[in-house]
Amino acid sequence: MRVLIALSITLIFSSQINSQQMYSKKEPFAHTYSIVARDTITGEMGVAVQSHWFSVGSLVTWGKAGVGVVATQSFINPSFGPRGLSLLETGLSPKLAVKTLLELDEGRDVRQLAILDVYGNVEAFTGKNCIDAAGHIIGDNFSVQANLMDKNTVWQAMAEAFKNTKGSLAERMLVAMEAAQKEGGDIRGKQSAAILVVKAKSTGNSWEDKVVDLRVEDNENPLQEMRRLLTIHKAYEFMNKGDLAVEVGDNALAKQHYMNAQKLNPNNLEMKYWYAITLANNGELNEAKIILKEIFKQNSNWKELTPRLIKPGLLTISKKELQDILKL
């Protein structure tokens, strides 16, 4: 087994040894704060980041269902992301994966790196030449790390916020980042943020393995925008559940999910529309008509769409009932 792991490591690095392992001033910056974490109930793993740098999520956050997550920052070596995940897949622990990556990297003194695996094992590293304030804390199923911070208390604030917050993994990581910002955050300010959450077990389909994958690429207040996006994401999760309930003919359950979606995103016409359609399918036509009338008033395209739902079976009412709706 050890021979196979050693051979796998050799293949990983022999195919990817390039200029990224040589320290260069041209390497991208991502002086930032981040968190890698695992939900001990669901087994989901996540990584979240905020920085005063454009599109920070495209470089810092990496994850693979059933494997683990990686945050690579400071003077970034982007290859740490995919290579770190590959090392976990060969059977290495996060501690050995971090050690292996840094041994071959001439820029190790300015790197900051955190790796967490599917079992919740985690390892982090802060190079001695990372710009102050810089540091990290490894906790139970998580690690927080930061550099170029306004204060050296930022990562401690993140750790405490994560430990003391309940909710989904994405929610807890966002609260940790909000705590970092409240503590002073990046000394340069704010610009972009990202949250990635992957499943504990891979489905075999990469498009189904990501629970949350949100990015704010350029914004004056990226965490505020991320909060808005995560709320909308939750609303659409309810919408998706509602759609699945419709597919199996459970309109009562669909109604419940669509109502929950509306509570989170009350000004979204589409959410109101599908809720009204579900009411109509449930025989609650009068209530449906009240909602549809208001929707049609704001956007007549929804009225034009309505009769088109008959053919695929998404609207199961009589011709007379349909005409009554179209007269609204």
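You'll find the structure just up there.
Residues numbered from 1 in each chain as written. Predicted model: local features only at pLDDT ≥ 70, side-chain atom pairs only at ≥ 80, totals over all residues. Heavy atoms only, no water.

Some thoughts on helix α8 (residues 222–247)
Then, number 1: Here α8 spans 37 Å end to end across 26 residues, near enough to the 38 Å set by a 1.5 Å rise per residue.
Then, number 2: Residues of α8 that are buried include every one of Pro222, Leu223, Met226, Leu230, Ala235, Met239, Gly242 and Ala245, and no others.
Then, number 3: Remark: Gly249 follows α8 within two positions and exhibits a positive phi of approximately 80°. (Helix = DSSP H or I, 4+ residues; strand = E, 2+ residues; numbered from the N terminus. Expected span 1.5 Å × (residues − 1). Buried < 20%, exposed > 50% of the residue type's maximum accessible area, 1.4 Å probe, protein only.)

So, the side chain of Glu44
Then, number 1: Take Glu44: it is sitting in the loop between β2 (32–38) and β3 (45–51).
Then, number 2: For Glu44, which is buried and forms no salt bridge, the nearest opposite charge comes from Lys199, at a distance of 7.6 Å.
Then, number 3: If near-sequence neighbours (up to four positions away) are discounted, Glu44 is found in contact with Ala37, Arg38, Asp39, Leu169, Val197, Val198, Lys199, Ala200 and Val211. (Lys, Arg positive; Asp, Glu negative; His and termini not counted. Salt bridge = Lys/Arg side-chain N within 4 Å of Asp/Glu carboxyl O. Contact = heavy atoms within 4.5 Å.)

Overview of the sheet that holds strand β10 (residues 192–198)
Then, number 1: If you trace the six strands from one edge of the open sheet to the other, you get β8-β9-β2-β3-β10-β11, paired in antiparallel fashion. If you trace the sheet from one side to the other, it starts and ends with β8 (135–139) and β11 (210–216), each paired once. Across the sheet, the mean angle from the axis of one strand to that of its neighbour is 5°, orientation sign disregarded.
Then, number 2: Sheet topology note: the β8/strand β9 (residues 142–146) ladder contains five bridges and is antiparallel. Bridged to Ile137 within β9 is Val144.
Then, number 3: Most of the contacts of helix α5 (residues 154–163) go to β9, to which it runs at about 155°, and overall it touches β2, β8 and β9.
Then, number 4: Contacts between α8 and the sheet are confined to β2, β3, β10 and β11, with β11 contributing the most and set at about 145° to the helix. (Pairing = 2+ DSSP bridges. Axes fitted to C-alpha atoms, helices over the stretch in contact; angles between N-to-C directions.)

Comments concerning unusual backbone geometry
Then, number 1: Cis geometry is found at the peptide bond from Asp132 to Ala133, where omega equals -5°.
Then, number 2: By secondary structure assignment, the location of Ala133 is in the loop between β7 (122–126) and β8.
Then, number 3: For Asn141, which is not glycine, the phi torsion reads 65° and is therefore positive.
Then, number 4: Locating Asn141 in the fold gives a position in the loop between β8 and β9.

Examining the layout of surface pockets
Over the atoms, a rolled probe matching the size of one water molecule traces out where space is still vacant.
Then, number 1: Empty space within the largest pocket amounts to approximately 310 Å³.
Then, number 2: Sorting the residues of the lining of the largest pocket by element identifies β11 and α8 as the ones contributing at least two each.
Then, number 3: The element best represented in the lining of the largest pocket is α8, accounting for eight residues.
Then, number 4: Surrounding the second largest pocket, 14 residues form its lining, Asp243, Val246, Tyr258, Trp274 and Leu314 being those nearest its centre.
Then, number 5: Broken down by element, the lining of the second largest pocket gets its largest block of residues, six residues, from α8.
Then, number 6: Of the residues contributing to the lining of the second largest pocket, the split by class is seven nonpolar, four polar and three charged. (1 Å grid on protein atoms, 1.4 Å probe; cavity = no way out; pocket = protein on both sides within 12 Å on 5 of 7 lines; lining within 4 Å. Points joined across faces, edges and corners; volume = space filled by probe spheres on them. Nonpolar A, V, L, I, M, F, W, Y, C, P; charged D, E, K, R; others polar.)

A short note on the nonpolar core
Then, number 1: Formed by 30 residues in total, the largest nonpolar core has its most connected members in Tyr33, Ile35, Met158, Phe162, Met173, Met177 and Ile195.
Then, number 2: For this core, the elements supplying multiple residues, two or more each, are β2, β9, α5, α6 (169–182), β10, β11 and α8.
Then, number 3: Here this core gets seven residues from one element, more than from any other, and that element is α6.
Then, number 4: Met158 has contacts with Tyr33, Ser34, Ile35, Val144, Ala176, Met177 and Ala180, leaving out every residue within four places of it along the chain.
Then, number 5: Counting 27 residues, the second-largest nonpolar core is a separate cluster that includes Ala235, Leu279, Leu285 and Leu315. (Core = buried A, V, L, I, M, F, W, Y, C linked by side-chain atoms within 4.5 Å.)

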